[in-house]
Amino acid sequence: NAGVTQTPKFRVLKTGQSMTLLCAQDMNHEYMYWYRQDPGMGLRLIHYSVGEGTTAKGEVPDGYNVSRLKKQNFLLGLESAAPSQTSVYFCGVLPTQGANTGELFFGEGSRLTVL
Amino acid sequence: DQQVKQNSPSLSVQEGRISILNCDYTNSMFDYFLWYKKYPAEGPTFLISISSIKDKNEDGRFTVFLNKSAKHLSLHIVPSQPGDSAVYFCAASAYGNKLVFGAGTILRVKS
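Just so it is clear, the structure is predicted and the values come from calculations on it, not from any experiment.

J.: Would you mind going over the interface of chain B and chain A with me for this structure?
T.: Frequently, the measure chosen for interface size is the accessible area that the parts lose on association. Each partner contributes residues to the interface: chain B has 18 residues there, and chain A has 21 residues. A combined buried area of about 1,600 Å² lies between chain B and chain A, and 59% of that area is made up of carbon and sulfur atoms. Considering only the surface of chain B that becomes buried against chain A, B:Pro44, B:Lys98 and B:Phe101 emerge as the three largest contributors, covering 29% of it. Taken together, chain B and chain A are joined by zero salt bridges. At the boundary of chain B with chain A, the tally comes to two residue pairs in polar contact (both at pLDDT 80 or more). When contributions to the side of chain B that touches chain A are tallied by element, the ones reaching two or more residues are β4 (32-38), β5 (45-51) and β9 (86-93) of chain B. Among the elements that line the side of chain B that touches chain A, the one with the most residues is β4(B), at four residues. Here the side of chain B that touches chain A is built from residues that sort into ten nonpolar, five polar and three charged.

And the structure:
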């Protein structure tokens, strides 16, 4: 997972609080993704970005916002956290040479608990 | 609507034997299939992949088989080792677009 850093790694929130997860890459790649992993459901795509200044919705975007102001960073925001957003969040980066395959490099994950 | 399905939540295998993990998909537009391995408290790491124009790809102890007519792929690990114990995710993409993941299979290799 070298090259993809997620912060924070753990966070506990109360319902209604807001927070931002940061994904930073040092590989200068264009495509970045935010997934959430829940038991029995695998990884589901929340939002993704195909370049600086661009974002798009994935499979489960509701309750989340994203921004890609700098190419190296992809931020995932929760404006008003809900218990249903308790999950482990993974950021993925698509290397340029893998653009035709979807082979992602992932960060170590951010475990979020909403009480 | 799950486009990628891993119907076995867990699999237990004796060390040295073969592990076979299965995956089914429904979207005929998928043209690339991948297997990821995940240890606890770590991110998923890429293991092996196969293009839809092939039916087999090998990398050391790992072989992936693709049956397009059945929309089925499988991962064979031979021989299985205790260090292979992890969660294995099957994933698919269409034209290099977003990866769609299965629910994962927990593999336990007993020594």
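Moving on from the model shown.
J.: Looking at this model, I keep getting lost on the sheet that holds strand β3 (residues 19-25) of chain A. Mind explaining?
T.: Strands pair in a sheet through their backbones, by hydrogen bonds, and they do so in one of two ways: parallel or antiparallel. Residue and element names in this part refer to chain A. Across the sheet, which stays open at both edges, the four strands sit in the order β1-β3-β8-β7 with antiparallel pairing between neighbours. Strands with a single pairing partner mark the edges of an open sheet, and in this sheet they are β1 (4-7) and β7 (65-67). On average, each strand axis in the sheet is inclined to that of its neighbour by 15°, with strand direction left out of account. Here β7 pairs with strand β8 (residues 73-78) via three bridges, running antiparallel. Note on β8: the bridge partner recorded for Ser67 is Leu75.

J.: How should unusual backbone geometry be read in this particular structure?
T.: Peptide bonds are mostly trans, and most non-glycine residues show a negative phi. Going from A:Thr7 to A:Pro8, the amide bond is cis rather than trans, its omega being -10°. Following the sequence through the fold, A:Pro8 ends up in the loop between β1 and β2 (10-13). The phi dihedral of A:Asn28 is positive, around 60°, even though this residue is not glycine. Position of A:Asn28 relative to the elements: it lies in the loop between β3 and β4 (31-38). Its relative accessible area of 46% is what places A:Asn28 among the partly exposed residues. Phi at B:Ala41 is positive, roughly 65°, even though this residue is not glycine. Residue position: B:Ala41 is located in the loop between β4 and β5.

The rules behind these values
Residues numbered from 1 in each chain as written. Chains lettered and ligands numbered in written order. Predicted model: local features only at pLDDT ≥ 70, side-chain atom pairs only at ≥ 80, totals over all residues. Heavy atoms only, no water. Contact = heavy atoms within 4.5 Å. Buried area = accessible area lost by both parts, 1.4 Å probe. Salt bridge = Lys/Arg side-chain N within 4 Å of Asp/Glu carboxyl O. Polar contact = N/O pair within 3.5 Å; in protein donor to acceptor, adjacent residues only side chain to side chain. Helix = DSSP H or I, 4+ residues; strand = E, 2+ residues; numbered from the N terminus. Nonpolar A, V, L, I, M, F, W, Y, C, P; charged D, E, K, R; others polar. Pairing = 2+ DSSP bridges. Axes fitted to C-alpha atoms, helices over the stretch in contact; angles between N-to-C directions. Buried < 20%, exposed > 50% of the residue type's maximum accessible area, 1.4 Å probe, protein only.

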